[in-house]
Amino acid sequence: MIDIRLQLSVQDARRRFDLNIAFATDAPVVALYGPSGAGKSLTLQAIAGLQPVSAGHVRLNGHTLLDTAAGTCLPPEARGVGYLFQHYALFPHLSVRDNIAFGLTSWRRRLRAGDAARVDALIASFGLEALAHSRPSTLSGGQQQRVALARALACQPQVLLLDEPFAALHTTLRRQLRAELRELRQRLAIPTLLVSHDPEDVVALADEVLLMDGGGVQARLRADDPGLRASLEAAP
Ligand SMILES: Nc1ncnc2c1ncn2[C@@H]1O[C@H](COP(=O)(O)OP(=O)(O)OP(=O)(O)O)[C@@H](O)[C@H]1O
């Protein structure tokens with residue numbers, strides 16, 4: 001169960017954006033769908049502890065990650081969140097293997113044996129063995145996407161946050177990686193929030209859809225709703 005209520009504001013010298021979102025769901029994969037600037041990425045950042053929240057809570061399977069009223073705010077590394085960033089944000093100076101292992105080594109210089117085995121298993125399961133010692137800049141878009149997904153999974157997350165996981169890929173590869181993610185979803189069974197503005201991603205992967213606009217949820221749809229595709233295409 002993911003249970004979220006978030007209020008926050010971000011601003012620069014010229015503009016201000018208010019996010020005010022609340023939902024609770026048992027759906028395995030929830031899509032946050034909406035136009036550019038709707039507040040989708042900010043929502044993921046706030047859940048991950050990367051964006052200060054002025055009021056609200058984040059509860060995951062009954063475990064409180066954030067509760068402003070109670071003064072609880074776990075740091076990002078204690079939240080059990082696997083985050084695939086828009087454009088992947090791989091570390092350019094680290095190899096594929098070190099990128100995947102990053103979250104496991106940041107406080108310890110060397111990987112523990114169990115962690116090293118998990119990193120190797122992820123490298124194998126994403127077919128990255130031949131690239132393990134390569135730098136991200138030498139990888140294709142699809143290979144970078146796999147590295148980013150493997151990195152998000154390395155910490156054995158309680159929830160997976162995927163921000164536009166296919167945005168940088170061309171149509172054929174998108175279709176292939178969408179199918180891989182669908183298979184992964186069955187295998188790993190990690191609750192997932194998926195940000196997308198592509199109806200194909202939503203229809204293929206999500207169980208529930210939150211239509212977002214203007215920093216809030218405008219509508220909530222189930223994947224088996226016969227009008228889902230029409231509603232997605234009609235959304236701003
Ligand atoms: N640190 C910041 N300072 C000021 N404004 C910000 C900041 N971060 C985000 N915003 C603004 O907040 C709004 C929501 O941003 P957000 O990244 O959540 O949108 P989004 O729905 O993910 O859009 P996209 O699909 O284009 O990624 C945008 O107008 C954005 O410019």
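As a reminder, the structure under discussion sits directly above these lines.
The shown structure was predicted, so the numbers you read here are calculated from the model rather than taken from an experiment. (Residues numbered from 1 in each chain as written. Predicted model: local features only at pLDDT ≥ 70, side-chain atom pairs only at ≥ 80, totals over all residues.)

**With respect to the overall build of the protein chain**
Basically, it comes down to this: A run of DSSP states H or I qualifies as a helix once it reaches four residues; a run of E qualifies as a strand once it reaches two. Both are numbered from the N-terminal end. The quantity called the radius of gyration is restricted to C-alpha atoms. Its globule counterpart is 2.2 Å times the number of residues to the power 0.38. Residues with at least 20 neighbouring C-beta atoms inside 10 Å of their own are called buried, those with 12 or fewer are called exposed, and the rest are partly exposed, where every C-beta is derived from the backbone.
For the protein chain, the count of helices and strands is seven helices and eleven strands. For 236 residues, the compact-globule estimate of 2.2 N^0.38 gives 18 Å, and the C-alpha radius of gyration of the protein chain, at 18 Å, lies within 12% of that figure. With the principal axes as the frame, the protein chain shows a C-alpha extent of 45 × 45 × 40 Å. Of all 236 residues assigned to the protein chain, the portion counted as buried reaches 35%.

**Brief notes about the site of the ligand**
We apply this condition: Near, for a residue, is defined by distance from a backbone-placed C-beta atom to a molecule or strand, with 6 Å as the limit that must not be exceeded. Gly falls in the polar group here, along with every residue not listed as nonpolar (Ala, Val, Leu, Ile, Met, Phe, Trp, Tyr, Cys, Pro) or charged (Asp, Glu, Lys, Arg).
The environment of the ligand is made up of 13 residues, and the closest members are Phe 17, Ser 36, Lys 40, Ser 41 and Leu 42. Put simply, the parts of the chain that give the shell around the ligand at least two residues each are strand 1 (2-11) and helix 1 (40-48). A per-class count over the shell around the ligand returns four nonpolar, seven polar and two charged.

**So, helix 4 (residues 141-154)**
Basically, it comes down to this: Every helix has an expected span of 1.5 Å times one less than the residues it contains. For every residue pair, C-beta atoms are placed from the backbone, and the pair is scored as a contact if these atoms sit within 7 Å.
With 14 residues, helix 4 extends 20 Å between its outermost C-alpha atoms, agreeing within 8% with the 20 Å of an ideal straight helix rising 1.5 Å per residue. Taken across its 14 residues, helix 4 has eleven buried, putting it largely inside the fold. Considering only its buried residues, helix 4 is in contact with strand 7 (81-84), helix 2 (96-105), helix 3 (113-125), strand 8 (159-163) and helix 5 (171-188). Within two residues after helix 4, Gln 156 carries a phi angle of roughly 50 degrees, on the positive side.

**Some points on unusual backbone geometry**
Phi at Tyr 88 takes a positive value of approximately 75 degrees, unusual for a residue other than glycine. By the element assignment, Tyr 88 lies in the loop between strand 7 and helix 2. Residue Ala 89 is not a glycine yet carries a positive backbone phi of 50 degrees. In this structure, Ala 89 sits in the loop between strand 7 and helix 2.

**Digging into the sheet that holds strand 4 (residues 55-60)**
For clarity, the cut-off: Strand pairing is assigned whenever DSSP identifies at least 2 bridges connecting the two strands. Note on method: axes are straight lines fitted to C-alpha atoms, helices fitted across the in-contact stretch only, with angles between N-to-C directions ranging 0 to 180 degrees.
Ordered in space as 2-1-4-5-6, the five strands form an open sheet in which the pairing is antiparallel. If you trace the sheet from one side to the other, it starts and ends with strand 2 (16-25) and strand 6 (72-73), each paired once. Strand direction decides the pairing type here: strand 1 and strand 2, joined by ten bridges, are antiparallel. By the bridge assignment for strand 2, Val 10 is matched with Phe 17. Along the sheet face, helix 1 touches strand 1, strand 2 and strand 4 and points at about 110 degrees away from the line of strand 1.

None of the figures reported here should be taken as evidence of function without further support.
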